[in-house]
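# Overview (structure and organization)
In case you want the letters, here they are:
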Amino acid sequence: MSKDKLPRLFDGSINELTRPSKSKKEKTADLKKDKMQKTLYITKDMNRKLIELYGEEGRRQSIIVEDAVNLYYYLKQALGEKKFEELMSAVKREDPEFLRDYLSRFKL
């Protein structure tokens with residue numbers, strides 16, 4: 001058997017083999033640094049709106065989506081189920097003037 005046919009098992013140094021492993025605390029800290037991957041399935045119309053907002057705001061789409069989720073969540077908490085459903089039906093009309101008039105009725 002020639003030397004070329006032997007598989008190479010380790011390409012590093014002996015120091016790497018004898019280095020102590022990371023503590024559990026260090027491993028947890030590393031995991032916290034990792035960014036979670038988000039999968040978002042949206043319609044072409046929603047993607048167009050995101051691109052338009054991205055252009056206006058000059059921010060990453062993920063930040064815009066996070067703002068939208070926070071807005072949705074806290075509006076639902078603040079308004080209650082019935083009022084929130086009314087607001088969402090006004091939003092779904094996709095008429096800014098109607099929505100502006102609807103929101104003017106709320107006291108802030």
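Residue positions are given per chain, counting from 1 as you read along its sequence in written order. Only residues with pLDDT of 70 or above have their local features reported here, since the model is predicted, and side-chain atom pairs are shown and tallied only from 80 upward, although totals for entire chains, interfaces and linings are computed over all residues. With hydrogens and water set aside, each side-chain value is computed from the structure's full complement of heavy atoms.

## Observations regarding the overall build of the chain
To keep it simple, the criterion reads: Secondary structure elements follow DSSP: runs of H or I no shorter than four residues count as helices, runs of E no shorter than two count as strands, and numbering proceeds from the N terminus. Throughout, exposure labels follow a simple rule: accessible area from a 1.4 Å probe, protein chains only, divided by the maximum for the residue type, with under 20% read as buried, over 50% as exposed, and the rest as partly exposed. Only heavy atoms matter for contacts: two residues are in contact if any of them lie within 4.5 Å across the pair. To measure how exposed things are, a 1.4 Å probe is used in the Shrake-Rupley method; for residues, cover is taken only from the protein chains shown.
From N to C terminus, the chain includes five helices and zero strands. The order of α-helices and β-strands along the chain, N terminus first, is α-α-α-α-α. The buried share of the chain, reckoned over its 108 residues, is 6%. Of the contacts formed within the chain by residues at least 6 apart in sequence, a portion of 17% connects residues at least 24 apart. Carbon and sulfur atoms make up 56% of the accessible area of the chain, which amounts to about 10,600 Å² in all.

## Quick word on the pattern of salt bridges
Put simply, the test is: What makes a salt bridge here is a side-chain nitrogen of Lys or Arg within 4 Å of a carboxyl oxygen of Asp or Glu, nothing more.
For the structure shown, the criterion picks out seven salt bridges. E52 serves as the salt-bridge partner of R48, at 3.6 Å between the closest nitrogen and oxygen. Taken together, the residues span about one helical turn, with R48 and E52 both in helix 3 (residues 44-57) at a distance of four residues. Assessed through its relative accessible area of 43%, R48 is described here as partly exposed. Close ionic contact of K49 with E94 constitutes a salt bridge, the shortest N to O distance being 3.3 Å. Pair noted here: K49 is in helix 3 and E94 is in the loop between helix 4 (61-92) and helix 5 (96-104), with a separation of 45 residues, a long-range link.

## Focus: the layout of surface pockets
Rolled over the atoms, a probe with the dimensions of a water molecule shows which regions are left empty. Spelled out, the test is: Here a cavity is any set of points on a 1 Å grid over the protein atoms alone where a 1.4 Å probe fits but cannot get out, and a pocket is any open set with protein on both sides within 12 Å along at least 5 of 7 lines; a residue lines the site when it has an atom within 4 Å of a point. Grid points are joined across faces, edges and corners, and a volume is the space filled by probe spheres set on the points. Charged means Asp, Glu, Lys or Arg here, nonpolar means Ala, Val, Leu, Ile, Met, Phe, Trp, Tyr, Cys or Pro, and polar covers whatever is left, Gly included.
Of the volumes computed, that of the largest pocket is approximately 1,600 Å³. Taken together, 40 residues make up the lining of the largest pocket; nearest its centre are M46, L53, A68, L71 and V91. Mapped onto the lining of the largest pocket, the elements with two or more residues apiece are helix 3, helix 4 and helix 5. Here the lining of the largest pocket gets 17 residues from one element, more than from any other, and that element is helix 4. Taken together, the residues that form the lining of the largest pocket break down as 22 nonpolar, three polar and 15 charged.

## Examining helix 3
In plain terms, the rule: Helices are assigned an expected span. That span is 1.5 Å times one less than the residue count.
Over its 14 residues, helix 3 runs 20 Å from end to end, which matches the ideal 20 Å to within 8%, given 1.5 Å per residue. Downstream of helix 3 by a residue or two, G58 has a phi angle that is positive, lying close to 70 degrees.

Function cannot be inferred from these measures alone, as they are strictly geometric.
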